[in-house]
Amino acid sequence: MSAKEALEQQVKDQADMVRKLKAAKESKERIAEEVSKLLDLKAQLVAEDGTVAPTNVNQKFTLKTAKGTRDYSPEQMALRLSVLNKIVAVFKKHGAVTIDTPVFELKEVLTGKYGEDSKLIYDLKDQGGEILSLRYDLTVPFARYLAMNKISNIKRYHIAKVYRRDNPSMSRGRYREFYQCDFDIAGAFDPMIPDAECIKIVAEILDSLNVASYVVKVNHRLLLDGMFEACGVPLDSFRSICSAVDKLDKASWQDVKKEMVEEKGLSEAAADQIGEYVKLNGGKELVEKLLSDDKLSKNKSALEGLEAIKLLLGYCEIFHISDKVSFDLSLARGLDYYTGVIYEAVLLGDASKGEEVSVGSVAGGGRYDNLVGMFDVKNKQVPCVGVSLGVERLFAVLEQKIHAANRKVRTTEVDAYVCTAQKNLVEERLKLCNQLWEDDFKVEYSYKKNPKLLAQLQYCEENSIPFAIILGESEIKNGVVKLRNVLSREETEVKRSALADELRRRLGELNLNGTVPA
């Protein structure tokens, strides 16, 4: 079979899959993901054939977002803003300031910082003079910012989009363009104190979002290096073996071992020894056990890492988060710039409901003491530790929870809708709206001159507006309005002069937490 025939067969098979998914009424995200793959295959077929489709206005054109990206509806944006506001509130509670950096950087700023993940960086076409790339994360731009501005002490948060040329999985919240929420502490401080606070921040955020049960896995780069050395891994292979271990959350030990031995040239005996360690997880008791381990107790790097973890777990106890923290030797985090403690928050599914045991990582970070020095001409180091939240997966989990609870997200924060019950009252409607706006209420009204009352009340119900304020000729004459609770449909006559106080009182009694019954 020729390459072209093989490609044609792939197109046919992918088209069949899309048809089956549509027939089975699978989720829009899953269908969009497979349609995107089909379009990519068709584009390859056109390139293989050597023909280029004519460009004209009558050409059939599939209107879609780029692979690994998506649009967000008002409901989705309302949820996102609610989540981001809660995250920012936690960051501010811990005294952080915020900064912003460009969405693209000089390519040399990003090069050599991400290990094997460097291949996922988006390079931009040369526009004359500068070779640029889209930022891969917010950590390296932060380090560049510190070095460039000679800053040696700051606690900052940064929420912005980053870009990765990864294989997207829309249904699992993995995109090529996505938001990261970073919190970092830069400065020379005593061991593990700021590191423990970063873990506390992750716990506070996940608790405030009430997403699911979770665990924060912790490990130490020095312990990993000591473990590799004790198991017989050559020094120049530490980083590549670390990248392989980092895949244990997605792949089986057998697959990871195969990569170590067959692709990275590690001896099978060394790989088996690593396998015995990476299966271990626990708390302080595991630290004590490893401190007396035959191999690790003789390794300076491993001992230093274990003592640091012991100190960290002690601080976590003080912060009342010990029950959510697990010392896990399989945690590696493959990025080259980590130098000390590393951690990762993983959401756990509810096994009783048939959910996966692990939904996936939603936050990760660690200590990177040497990154800032890479950008300083005198190699001046600024020790840093931080955490990054991958909020796209959090959004996906929260959307599923809201859908399962048969609730919907309020897309606006409108307090009341001003309605008129008869014709030719548009000016009275506008006067009342203006009065309420000046009293700092969030108010809407119909843009039609003579709207039907039923249509106005239906709009309130469809948009989850809690109160309708109804004006008619008799109400205007008597200096009153009818205040209607949209959900219960109860109406009360209120004097115009007392409306602001009464509306404020009633809004205070409502629990408008962002969602309402669907």
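All of these numbers come straight from a predicted model, not from anything done at the bench.

Q: If you had to explain the overall build of the chain to someone new, which residues and values would you point to?
A: The helix and strand tally for the chain stands at 17 helices and 18 strands. The dimensions of the chain, computed from C-alpha atoms along their principal axes, are 90 × 65 × 55 Å. Counting all 518 residues of the chain, 47% fall into the buried class. Intrachain contacts of the chain at a sequence separation of at least 6 include 68% that bridge at least 24 residues. As displayed, the chain has an accessible area near 27300 Å², and 51% of this comes from carbon and sulfur atoms. Counting 76 positive and 79 negative side-chain charges, the chain places the averaged centre of each group 5 Å from the other.

Q: Please set out the environment of lysine 93 residue by residue, giving values where relevant.
A: Mapped onto the elements, lysine 93 comes out in helix 3 (residues 74–93). Residues lysine 93 and isoleucine 402 lie 309 residues apart in sequence; the distance between their C-alpha atoms is 27 Å.

Q: I'd like to hear about the pattern of salt bridges, residue by residue, with values.
A: As enumerated under the stated definition, the model contains 30 salt bridges in all. The partner of aspartate 376 in a salt bridge is lysine 150, with the nearest N and O atoms 3.5 Å apart. Of this pair, aspartate 376 sits in the loop between strand 10 (358–367) and strand 11 (384–390) while lysine 150 sits in the loop between helix 5 (139–148) and strand 4 (154–163), and the two are 226 residues apart along the sequence. The closest approach of N and O atoms between arginine 505 and glutamate 509, which form a salt bridge, is 2.5 Å. With arginine 505 and glutamate 509 both in helix 17 (residues 499–509) and four residues apart, the pair spans about one turn of that helix. By relative accessible area, arginine 505 is classed as partly exposed at 42%. Exposure remark for glutamate 509: the relative accessible area of 59% places this residue in the exposed category. One salt-bridge network, held together by shared partners, links Glu502, Arg505, Arg506 and Glu509.

Q: Any chance you could break down helix 10 (residues 268–278) for me, citing the residues and the numbers?
A: Ala270, Ala271, Ile274, Gly275, Tyr277 and Val278 are the residues of helix 10 that are buried. Along the axis of helix 10, the buried positions cluster into a sector of 165 degrees, meaning they face one direction only. Packing partners of the buried residues in helix 10 comprise helix 7 (221–230), helix 8 (238–245), helix 9 (253–263), helix 11 (284–291) and strand 8 (325–328).

Q: Give a detailed account of helix 7, specifying residues and quantitative values.
A: Most of helix 7 is tucked away: seven of the ten residues are buried. Looking one or two residues beyond helix 7, the residue adopting positive phi is glycine 232, at roughly 90 degrees.

Q: Summarise the packing of helix 6 (residues 193–209) against helix 12 (residues 300–318); cite the residues concerned and give the values.
A: Packing of helix 6 against helix 12 brings their axes to within 9 Å, and their N-to-C directions diverge by 50 degrees. The angle between helix 6 and helix 12 places the two elements in the oblique class. For the pair helix 6 and helix 12, the crossing hand works out as right-handed. For the pair helix 6 and helix 12, contact is made by Ile193, Asp195, Ala196 and Ile199 and by Leu312, Tyr315 and Cys316, respectively. Each residue belonging to the contact of helix 6 with helix 12 can be placed in one class, and the counts come to six nonpolar, no polar and one charged.

Q: Now, about the side chain of serine 330: what can you tell me, with residues and values included?
A: Structurally, serine 330 is set in the loop between strand 8 and strand 9 (341–348). Given the relative accessible area of 18%, serine 330 is considered buried. In terms of polar contacts, serine 330 uses its side chain to reach the side chain of aspartate 328, at 2.6 Å. Apart from residues no more than four positions distant in its own chain, serine 330 is found in contact with Val245, Leu248 and Val278.

Q: Give me the lowdown on the environment of phenylalanine 142, citing residues and values where you can.
A: Inspection of the secondary structure puts phenylalanine 142 in helix 5. With relative accessibility at 1%, the residue phenylalanine 142 sits in the buried group. Those residues within four positions of phenylalanine 142 in sequence are excluded, and the remaining contacts are Ile99, Ile154, Arg156, Asp184, Ala186 and Tyr368.

Q: Residues and numbers for the nonpolar core, please.
A: In terms of nonpolar packing, the biggest core is built from 105 residues, with Phe91, Val218, Met227, Phe228, Met260, Ile274 and Phe327 touching the most fellow members. The element contributing the most residues to this core is helix 6, with nine residues. Ignoring any residue separated from it by four or fewer positions in sequence, one finds phenylalanine 91 in contact with Ala96, Tyr157, Cys181, Asp182, Phe183, Ile201, Ile205 and Leu389. The next biggest cluster of nonpolar side chains, apart from the first, holds 18 residues, and it includes Leu436, Phe441, Leu503 and Leu507.

Q: Let's hear about the pairing of strand 11: which residues, and what values?
A: Strand 11 sits mainly inside the fold: six of its seven residues count as buried. Here strand 5 (residues 177–186) runs beside strand 11; their pairing, made up of seven bridges, is antiparallel. Bridged to phenylalanine 183 within strand 11 is valine 387.

Q: Describe the pairing of strand 5, with residues and values.
A: Walk down a regular strand and you will see the side chains alternate between the two sheet faces. Burial runs high along strand 5: eight of the ten residues are buried. Sheet analysis places strand 4 next to strand 5, joined by ten bridges and oriented antiparallel. Counted as the bridge partner of lysine 161 is tyrosine 179 from strand 5.

Q: Which residues make up the state of the cysteines, and what are the values?
A: On inspection of all chains with the given rule, the structure shows zero disulfides. Cysteine 419 takes part in no disulfide bond, and the closest cysteine sulfur to it belongs to cysteine 460, at a distance of 4.8 Å. Using a relative accessible area of 0% as the deciding quantity, one classes cysteine 419 as buried.

Conventions adopted
- Residues numbered from 1 in each chain as written.
- Predicted model: local features only at pLDDT ≥ 70, side-chain atom pairs only at ≥ 80, totals over all residues.
- Heavy atoms only, no water.
- Helix = DSSP H or I, 4+ residues; strand = E, 2+ residues; numbered from the N terminus.
- Buried < 20%, exposed > 50% of the residue type's maximum accessible area, 1.4 Å probe, protein only.
- Contact = heavy atoms within 4.5 Å.
- Areas by Shrake-Rupley, 256 points an atom, 1.4 Å probe, with all protein chains shown as cover.
- Lys, Arg positive; Asp, Glu negative; His and termini not counted.
- Charge placed at Lys NZ, Arg CZ, Asp CG, Glu CD.
- Salt bridge = Lys/Arg side-chain N within 4 Å of Asp/Glu carboxyl O.
- Arc of directions from axis to C-beta.
- Axes fitted to C-alpha atoms, helices over the stretch in contact; angles between N-to-C directions.
- Parallel < 35°, antiparallel > 145°, perpendicular 65-115°, else oblique.
- Left-handed = near helix turned anticlockwise from the far one by under 90°.
- Nonpolar A, V, L, I, M, F, W, Y, C, P; charged D, E, K, R; others polar.
- Polar contact = N/O pair within 3.5 Å; in protein donor to acceptor, adjacent residues only side chain to side chain.
- Core = buried A, V, L, I, M, F, W, Y, C linked by side-chain atoms within 4.5 Å.
- Pairing = 2+ DSSP bridges.
- Disulfide = S-S within 2.5 Å.

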